[in-house]
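# Structure at a glance
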Amino acid sequence: MLALAAAVSYGVSDFIGGVASRRVAALRVVIVSYPLSVLIVLVIAPFVGGSLSTAGLLWGAASGVAGGLAVWWFYLALASGPMAVVSPLTAVLVAGIPVGVGLAAGERPAALAFGGIALALVAVVLVSKESPDKTTSEITGGRDMRFTKTVAWLTVGSGVAFAFAFIFLHKIPEGGGLWPVLASRATATVVVWGVALAARQFSPPHGEPLKLAIYVSFLDVIATTATMYAFQGGLLSLVSVIASLYPAATVMLAMVMLGERVGRLQQVGMVLALAAVALIAGA
């Protein structure tokens with residue numbers, strides 16, 4: 001349930017972040033959402049408790065660095081490419097790499113769970129099929145959102161970085177409360193602020209994009225926290241594949257809010273994703 005909650009939070013956050021980054025530069029979104037995430041965790045962490053540990057803080061920080069790069073590249077891809085393609089393709093890497101690492105490390109899920117993993121990977125591939133139409137809503141300004149070579153590289157890079165962010169979160173030991181999440185959000189803030197300063201884009205958004213960035217910050221805390229606790233109670237190979245199903249929420253919102261059509265294979269993939277979650281949960 002925690003992994004599923006993380007998937008929904010990631011999916012909604014990706015949609016909102018993608019919409020915001022189509023109105024202003026992607027960096028202007030994350031330079032606000034990440035520091036706000038730090039403040040949110042700072043307020044909540046003392047009530048959760050837990051003890052500070054060097055391992056927890058270091059793995060949390062490593063996750064933040066990977067996550068900071070991943071979100072920046074991901075938002076850049078969403079700003080120029082079709083949301084219903086970029087998000088699912090990223091999820092293929094987010095799901096596949098941690099599963100491979102978990103199995104290589106000796107994880108052996110039950111037979112039913114193995115079936116769920118295989119079904120989930122197929123589901124992600126099917127959902128990754130490109131939507132047949134082009135987005136021409138007011139949010140895109142009538143621009144054609146094409147899956148160019150640049151968008152492809154950004155998508156692959158973000159997927160690999162997200163996968164390592166998951167792997168690092170899995171390394172966080174139990175008993176640390178939300179302090180590792182604080183370290184993760186703090187280092188992610190350092191990364192995106194450094195990039196924004198170097199790119200001369202250190203300018204917070206205003207109006208609607210600012211509101212969207214605030215929403216992203218709350219969803220980011222929920223998703224990261226849920227993922228960390230899910231990893232502490234489950235296998236890397238199982239939790240990561242459930243959390244990687246977040247494109248279902250993103251694609252649904254893109255279809256309803258932006259008018260992006262979902263093809264038949266994508267629809268089948270979304271049904272298989274639900275079946276995969278059921279199999280893994282029942283294992």
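The rules behind the values
Residues numbered from 1 in each chain as written. Predicted model: local features only at pLDDT ≥ 70, side-chain atom pairs only at ≥ 80, totals over all residues. Heavy atoms only, no water. UniProt positions renumbered as here; feature names shortened; annotations may be inferred. Helix = DSSP H or I, 4+ residues; strand = E, 2+ residues; numbered from the N terminus. Rg over C-alpha atoms; globule rule 2.2 N^0.38 Å. Buried < 20%, exposed > 50% of the residue type's maximum accessible area, 1.4 Å probe, protein only. Contact = heavy atoms within 4.5 Å. Lys, Arg positive; Asp, Glu negative; His and termini not counted. Charge placed at Lys NZ, Arg CZ, Asp CG, Glu CD. Axes fitted to C-alpha atoms, helices over the stretch in contact; angles between N-to-C directions. Parallel < 35°, antiparallel > 145°, perpendicular 65-115°, else oblique. Left-handed = near helix turned anticlockwise from the far one by under 90°.

In the nomenclature of an unreviewed UniProt entry, the protein corresponds to DMT family transporter from the organism Antrihabitans stalagmiti. What UniProt records for the protein under Sequence similarities (unreviewed entry) is the sentence "Belongs to the EamA transporter family."

Scanning the protein for helices and strands turns up eleven helices and zero strands. Ordered by position in the sequence, the α and β elements of the protein form the string α-α-α-α-α-α-α-α-α-α-α. The C-alpha radius of gyration of the protein comes to 18 Å, within 12% of the 19 Å expected for a compact globule of 283 residues. Principal-axis analysis of the C-alpha atoms gives the protein an extent of 50 × 40 × 30 Å. The buried share of the protein, reckoned over its 283 residues, is 54%. Considering only intrachain contacts with a sequence separation of at least 6, the fraction spanning at least 24 residues in the protein is 93%. Taken as two groups, the 15 positive and 10 negative side-chain charges of the protein have centres that lie 6 Å from each other.

Interaxial distance between helix α1 (residues 2-21) and helix α10 (residues 247-258) falls to 8 Å at its minimum, and their mutual angle equals 40°. Our classification of the angle between α1 and α10 gives oblique. Of the two elements, α1 crosses α10, and the hand of that crossing is right-handed. On α10, the residues touching V8, G11, V12, D14, F15 and V19 of α1 are A249, T250, L253, A254, M257 and L258.

Here helix α2 (residues 26-48) crosses helix α8 (residues 208-233) at 50°, and the two axes come no closer than 8 Å. Taken as axis vectors, α2 and α8 run oblique relative to one another. As for the relative orientation of α2 and α8, their crossing is right-handed in sense. Seen from α2, the contacting residues are V29, V32, S33, Y34, L36, S37, I40, V41 and V48; seen from α8, they are L210, A213, I214, V216, S217, F218, D220, V221 and Y229.

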